[in-house]
Amino acid sequence: TTGVSYQLTRLELSGGTYHLRTLTLGDFTQLVCSAACEIRISERLTVGEQSHIEPDDQTSLGAGDVVIWVLGADPDASTQVASIARENKLRAHLYAPQGTVQTGGETEVKGVIIGQTIVFGIGNNVTVEDPLDEQDLDAGAADAGAAPDGPTPDTTVPDTAPSPDTCSPTTCAA
């Protein structure tokens, strides 16, 4: 479903674990978790422009309380397993251990993104929120059905991005 710029289409998840083959959010869409939730996607995540994935702002939930697993692999060289269009807000932990996560320009990310390859768009603002340790990741991967010891992720920032010295362990403006 696609919303309009003055009124987002809202999908509210009440907490728990959700199993999906694919998840497609159209433009101007908001996926909100009102309690801790985990979304397990077996194939592909696609998010349209100016959409949000986040905890309900009426709660004290953080990025670590909205966990998204995309377990598929990139279907071909031009298609990413997790594609997030431009001008979005992602406040969650997003894991795509066997594929590429790509964000469009001017996207705000608060949380954690782990993928085989990560491509940030120009003008992204990325902040680590609710960091996790390797033990948390291995336990989550096992629960979601992913292999915890996959290939080492590769992070790619476009050539026009600021130099690496503008990044710190908790924030990076790309």
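Since the structure is predicted, the reported quantities are computational estimates derived from the model, not experimental observations.

Here is what the cut-offs are and how they apply
- Residues numbered from 1 in each chain as written.
- Predicted model: local features only at pLDDT ≥ 70, side-chain atom pairs only at ≥ 80, totals over all residues.
- Heavy atoms only, no water.
- Disulfide = S-S within 2.5 Å.
- Buried < 20%, exposed > 50% of the residue type's maximum accessible area, 1.4 Å probe, protein only.
- Salt bridge = Lys/Arg side-chain N within 4 Å of Asp/Glu carboxyl O.
- Helix = DSSP H or I, 4+ residues; strand = E, 2+ residues; numbered from the N terminus.
- Polar contact = N/O pair within 3.5 Å; in protein donor to acceptor, adjacent residues only side chain to side chain.
- 1 Å grid on protein atoms, 1.4 Å probe; cavity = no way out; pocket = protein on both sides within 12 Å on 5 of 7 lines; lining within 4 Å.
- Points joined across faces, edges and corners; volume = space filled by probe spheres on them.
- Core = buried A, V, L, I, M, F, W, Y, C linked by side-chain atoms within 4.5 Å.
- Contact = heavy atoms within 4.5 Å.
- Pairing = 2+ DSSP bridges.

A. Expanded view of the state of the cysteines. If you walk through the whole model with that rule in mind, you get one disulfide. Paired through a disulfide, C33 and C37 show a sulfur-sulfur distance of 1.8 Å. Between C33 and C37 the sulfur-sulfur dihedral comes to about 60 degrees; the bridge is accordingly right-handed. Each member of the pair, C33 together with C37, is buried.

B. Region of interest: the pattern of salt bridges. Scanning all chains against the criterion turns up seven salt bridges. Between R10 and D56 there is a salt bridge, with the nearest N and O atoms lying 3.3 Å from each other. With R10 in strand β1 (residues 9-13) and D56 in the loop between β5 (52-55) and β6 (66-70), this pair connects stretches of sequence that are 46 residues apart. A salt bridge links E87 to R86, with the nearest nitrogen and oxygen atoms 2.2 Å apart. Look at R86 and you get partly exposed, because its relative accessible area is 35%.

C. Just the environment of Q58, in detail. Within the secondary structure, Q58 is located in the loop between β5 and β6. Side chain to side chain, Q58 and D57 meet in a polar contact 3.2 Å long.

D. Quick look at unusual backbone geometry. Positioned with a positive phi, F28 is a non-glycine residue whose angle comes to about 55 degrees. Topologically, F28 is positioned in the loop between β2 (16-25) and β3 (29-33). Residue classification places F28 among the buried positions, given a relative accessible area of 18%. A positive phi angle is found at Q50, which is not glycine, with a value near 50 degrees. Note that Q50 resides in the loop between β4 (37-47) and β5.

E. Structural context of empty space enclosed by the protein. Under the defined criterion, the tally for this structure stands at one cavity of 30 Å³ or more. Of the volumes computed, that of the largest cavity is approximately 40 Å³. Elements supplying a minimum of two residues to the lining of the largest cavity: β5 and β8 (89-103).

F. A look at the nonpolar core. Ranked by internal contacts, the top residues of the largest apolar core, which has 27 residues, are L45, I68, V70 and L94. Contributing elements (two or more residues each) for this core: β2, β3, β4, β6, β7 (82-84), β8 and β9 (108-119). Residue contacts for L45: discarding those within four places in its chain leaves L23, I68, V70, V81, A82, S83 and L94.

G. Layout of the pairing of β5. Across four bridges, β3 lies against β5 in parallel orientation. Bridge pairing in β5 links V32 to E54. In this structure, β5 lies alongside β8, joined through two bridges in parallel fashion. Paired with I53 across the two strands is L90, which belongs to β8.

H. Spatial organisation of the side chain of T107. Tracing the sequence through the fold places T107 in the loop between β8 and β9. T107 gets classed as buried once you look at its relative accessible area, which sits at 1%. At 3.0 Å, the side chain of T107 and the backbone oxygen of G104 are in polar contact. Those residues in contact with T107 that lie beyond four places of it in its chain are A85, R86, E87, N88, G123, N124 and N125.

I. The arrangement of the pairing of β3 in detail. Of all five residues in β3, five are buried; the element is thus mostly enclosed. Residues T29, L31 and C33 of β3 are buried on one face, and the alternating residues Q30 and V32, pointing to the opposite face, are buried as well. Note: β1 against β3, five bridges, orientation parallel. What sits directly across from R10, in β3, is Q30.

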